[in-house]
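Coordinate analysis (summary)
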Amino acid sequence: MVKQRVLLLGATGETGGSILNGLLEDTDSFDVEALVRPASTGKPQVQELSKRGVKIRSFDIGGSVDDVAKSLTGVDVLISAIDAMSQLAQLNLVTAAKQAGVKRFVPCGFITVVPPGGVMLLRDNKEEVYQLVRKLHLPYTIIDVGYWYQISFPGLPSGRVDYALVKPLDEIHAEGTAPNMLTDLRDVGRFVALIIKDPRSMNKYVACYGDVLSENEIFKIAEEMSGEVISRKYVPASEITATRDQYASAFKASPGDFMAQFMVTIQDYLYSKYVRGDNTPAYAAYLGYLDAKELYPDFRPRSFKDFMGDLLDGKAAKPYPHLGDWRDFAASKAE
Ligand SMILES: NC(=O)c1ccc[n+]([C@@H]2O[C@H](COP(=O)([O-])OP(=O)(O)OC[C@H]3O[C@@H](n4cnc5c(N)ncnc54)[C@H](OP(=O)(O)O)[C@@H]3O)[C@@H](O)[C@H]2O)c1
C-alpha cells in the first residue's frame with residue numbers, strides 16, 4: 001500500500017497530540033510530519049516529537065501563499081488542530097493547500113455538532129474556513145467528535161479525581177436530560193486515522209463519538225462507580241441563555257478581547273449542548289454528517305465507563321497539564 005504523507009498542525013496540543021498518536025499507531029499507512037511555527041521549534045514538546053521520529057516542517061502559516069504552498073510540497077493530507085481561538089489563521093493555509101495540490105485537507109473541526117449561523121461563535125469561525133475550502137474546491141473532510149470525556153465528568157467529594165479536573169464541574173444544566181455525543185480524547189486520533197484513509201469520507205462531514213449521555217446519566221455513572229454522592233447545582237435554561245447573552249454583548253463591545261471570546265465560547269457550548277440539544281447523532285444525521293460508528297463498526301472506542309474506570313484508578317491525564325487551573329489557562333492564552 002502506498003503511504004500517505006500527512007502533515008499535522010497542532011501535534012504539541014491536546015487534539016493534535018491525540019491525532020499524532022493515532023497516526024503513529026498506523027505507520028503502514030502514514031508518514032507523519034509535524035507543522036511547527038518557527039517560534040515553537042525550541043520547545044521541549046517539539047524536541048519530543050523529533051525523538052519519536054516525527055519529521056518537523058517549520059514555517060509561518062501566515063507567510064505569503066507562495067511560500068506556504070512551497071512548504072507544503074509533497075503533502076497528501078494536511079490536518080489542522082489549531083487552538084480554538086486561532087481558527088481564522090487557517091485561511092491562508094487553505095489557499096496555499098489548494099495551490100500545493102494537497103489531496104485532502106482536514107480543517108480544524110473536532111468540536112460538538114452544532115449548526116453555523118449564530119449558535120456558536122467558534123463554529124462560525126470554523127465555517128469561514130470551510131467556506132473558503134469549498135469555494136476553492138479543495139478536497140476536504142470535516143471531523144467532529146462531540147465533547148471530550150476528559151472535560152465532562154464531575155468532581156467527587158473525596159477529591160480523588162481532582163488531579164484530572166480542568167475545571168470543577170458540579171452543575172447540571174437545563175435539568176440534565178439533553179443527550180450529548182462524547183468521546184475519549186485518546187480516541188480522537190484513532191478515529192482520524194480511520195477516516196483519512198477512507199474514500200467514503202472525502203468531501204464529507206463525519207461525526208465521531210464513544211457514548212451518548214446526558215449529564216444526569218454521567219453523574220449517575222460517576223456515583224455508581226465511585227460509591228460517592230455528588231452534590232448538584234441546577235442551572236435553568238433561562239439562566240444559561242441570559243448568561244450567554246451577557247457575554248455575547250461584552251464580546252460585541254470589545255471584539256479583540258481574548259477573555260471575552262473565551263467566555264463566549266464556553267457559554268455557547270452550554271447553550272448548544274443543553275438548551276438547543278444540538279450535539280446528538282440524530283441532529284448530525286439531519287445536518288448530513290456520516291456516522292463513524294456506521295462507517296467503522298469494528299472499531300470500539302472507549303466508553304465513558306472505561307474512562308471513569310481509568311479516572312478512578314488514577315490513570316487519566318489532565319488536558320492542558322502545563323496550564324494548571326482553567327483560569328490560568330485562559331489568562332495565559334490572553335497574553
Ligand atoms: N471537543 C472538545 O471537547 C474539545 C475540547 C477542546 C478543544 N476542542 C477543539 O479542538 C481544536 C484544537 O484545540 P486544542 O485545545 O486541542 O488545541 P491546543 O491544545 O491549544 O493546541 C493548539 C496547537 O496549535 C498549534 N498552533 C497554534 N497556532 C499555530 C500556528 N500559527 N502555527 C502552527 N501551529 C500553531 C500549537 O502549537 P504551539 O506549540 O506552537 O503553541 C498547538 O500545537 C479546537 O478547534 C478546539 O475548539 C474540542
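Anything mentioned here points back to the structure above.
So, here is what we can say about the structure in this document. (Residues numbered from 1 in each chain as written. Predicted model: local features only at pLDDT ≥ 70, side-chain atom pairs only at ≥ 80, totals over all residues. Heavy atoms only, no water.)

1. Structural notes on the overall build of the protein
Applicable threshold: Here a strand is any run of E in DSSP of at least two residues, a helix any run of H or I of at least four, and the numbering for each starts at the N terminus. Atoms counted for the radius of gyration: C-alpha only. Globule rule: 2.2 Å times the number of residues to the power 0.38. Throughout, exposure labels follow a simple rule: accessible area from a 1.4 Å probe, protein chains only, divided by the maximum for the residue type, with under 20% read as buried, over 50% as exposed, and the rest as partly exposed. Note on contacts: a residue pair qualifies if any of its non-hydrogen atoms lie within 4.5 Å across the two residues. Method for areas: the Shrake-Rupley scheme with a 1.4 Å probe, in which residue coverage is limited to the protein chains shown.
What the protein contains, in helices and strands, is 13 helices and 13 strands. The C-alpha radius of gyration computed for the protein amounts to 20 Å, which stays within 12% of the reference 20 Å derived for 335 residues, consistent with globular compactness. Per-residue burial for the protein yields a buried fraction of 53% across its 335 residues. Counted over contacts in the protein with a minimum sequence separation of 6, partners at least 24 positions apart contribute 78%. In the form shown here, the protein has an accessible surface area of approximately 14700 Å², with 52% of it arising from carbon and sulfur atoms.

2. Quick word on the sheet that holds strand β7 (residues 147–148)
Through backbone hydrogen bonds, the strands of a sheet pair up, either in parallel or in antiparallel fashion. Our working rule: One requirement defines pairing of two strands: DSSP has to find at least two bridges between them. Note on method: axes are straight lines fitted to C-alpha atoms, helices fitted across the in-contact stretch only, with angles between N-to-C directions ranging 0 to 180 degrees.
The mixed open sheet is built from three strands, whose spatial order is β7-β9-β11. With one partner strand each, in any of the chains shown, β7 and β11 (211–213) form the two edges of the open sheet. Direction of pairing for β7 relative to strand β9 (residues 180–183): parallel, over a ladder of two bridges. Note on β9: the bridge partner recorded for tryptophan 148 is threonine 183. Taken strand by strand, helix α7 (residues 215–226) contacts β9 and β11, and its axis lies near 105° from that of β11.

3. Focus: the pattern of salt bridges
Side chains that differ in sign of charge can pair as their charged atoms come close. As a reminder, the rule being used: Between Lys or Arg on one side and Asp or Glu on the other, a salt bridge is scored when a side-chain nitrogen of the former is within 4 Å of a carboxyl oxygen of the latter.
Enumeration according to the criterion identifies 23 salt bridges in this entry. For lysine 315, the salt bridge goes to aspartate 313, with nearest N and O atoms at 3.9 Å. Look at the salt bridges and you will find they share partners, linking Lys3, Arg5, Asp31, Glu33 and Arg57 into a network.

4. A look at the nonpolar core
Heads up, the condition is: To form a nonpolar core, buried Ala, Val, Leu, Ile, Met, Phe, Trp, Tyr and Cys residues must be joined to one another through side-chain atoms within 4.5 Å.
With 67 residues, the main nonpolar core has Ile19, Leu23, Leu72, Leu78, Ile79, Phe110 and Ile196 as its most contacted residues. Here this core takes six residues from helix α6 (residues 185–195), the largest share from any one element. Those residues within four positions of leucine 72 in sequence are excluded, and the remaining contacts are Leu7, Arg57, Phe59, Leu78, Leu93, Ala96, Ala97 and Ala100. By size, the runner-up hydrophobic cluster in this structure holds 34 residues, among which are Ile111, Tyr149, Ile230 and Phe307.

5. Brief notes about the environment of glycine 17
Among the structural elements, glycine 17 can be located in helix α1 (residues 14–24). Along the chain, glycine 17 and leucine 185 lie 168 residues apart, while their C-alpha atoms are 9.4 Å from each other. The residues contacting glycine 17, other than those within four sequence positions of it, are Gly10 and Ala11.

6. Some remarks on the packing of aromatic side chains
Rules: Stacked, tilted and edge-to-face are the three classes assigned to paired rings of Phe, Tyr and Trp, where Trp is represented by its six-membered ring and a pair needs centres within 6.5 Å; plane angles under 30 degrees give stacked, over 60 edge-to-face, the rest tilted. A ring is scored as having a charge over it whenever the NZ atom of a lysine or the CZ atom of an arginine sits within 6 Å of its centre and within 35 degrees of its normal.
Within the structure shown, the criterion is met by 12 aromatic pairs. Aromatic side chains phenylalanine 258 and phenylalanine 262 sit 6.3 Å apart centroid to centroid with 15° between the ring planes, which places their arrangement in the stacked category. Here phenylalanine 258 pairs with phenylalanine 262, and both are found in helix α9 (residues 258–276), just four residues apart, close to one helical turn. Taken together, Tyr130, Tyr140, Tyr205 and Tyr289 form an aromatic cluster joined through their ring pairs. Geometry around tyrosine 147 places lysine 273 over its ring, the cationic atom sitting 3.3 Å from the centre.

7. Describing the sheet that holds strand β4 (residues 77–80)
One open sheet accounts for five strands, arranged β3-β2-β1-β4-β5; its pairing is parallel. Sheet topology places β3 (55–58) and β5 (104–106) at the edges, where each strand pairs with a single neighbour. Pairs of neighbouring strands in the sheet enclose a mean axial angle of 25°, with direction left out of account.

8. Describing the site of the ligand
The cut-off we apply is this: The criterion for a residue being near a molecule or strand is simple. One of its heavy atoms has to lie within 4 Å of it. Definition of a polar contact: a pair of N or O atoms within 3.5 Å, with one able to donate and the other able to accept a hydrogen when the atoms are protein atoms, and with sequence-neighbouring residues admitted only if both atoms are side-chain atoms. Basically, the charged four are Asp, Glu, Lys and Arg, the nonpolar ten are Ala, Val, Leu, Ile, Met, Phe, Trp, Tyr, Cys and Pro, and anything else, Gly included, counts as polar.
Among the 28 residues in the neighbourhood of the ligand, the closest are listed as Thr12, Arg37, Ser40, Lys126 and Tyr320. The side chain of serine 40 places a nitrogen or oxygen atom 2.5 Å from an oxygen atom of the ligand. Here an oxygen atom of the ligand sits 2.9 Å away from a polar atom, N or O, in the main chain of tryptophan 148. Within the complex, 90% of the 910 Å² of free accessible area of the ligand lies under protein. Mapped onto the shell around the ligand, the elements with two or more residues apiece are α1, α5 (121–135) and β7. Counted by class, the shell around the ligand contains 14 nonpolar, eight polar and six charged residues.

9. A short note on the pairing of β3
For clarity, the cut-off: Handedness of a crossover is defined as follows: with both strands directed away from the viewer, a clockwise route from the first strand across the helix to the second makes it right-handed.
Direction of pairing for strand β2 (residues 30–36) relative to β3: parallel, over a ladder of four bridges. Considered in β3, the bridge of leucine 35 is made with arginine 57. Crossover handedness for the path β2 to helix α2 (residues 44–51) to β3: right-handed.

10. Side note on helix α8 (residues 237–253)
This is how it is decided: Expected helix span is taken as 1.5 Å per residue step, with the number of steps being one fewer than the number of residues. Arc definition: it is the arc formed by the directions from the helix axis to the C-beta atoms.
For α8, built from 17 residues, the straight-helix expectation of 24 Å at 1.5 Å per residue is met to within 8% by its first-to-last C-alpha distance of 25 Å. Regarding α8, the residues found buried are Ile240, Arg244 and Phe251. Buried positions in α8, seen along its axis, are confined to an arc of 30° and lie on one side of it. In α8, the exposed positions that point more than 90 degrees away from the buried face belong to Ser238, Gln246, Lys252 and Ala253.

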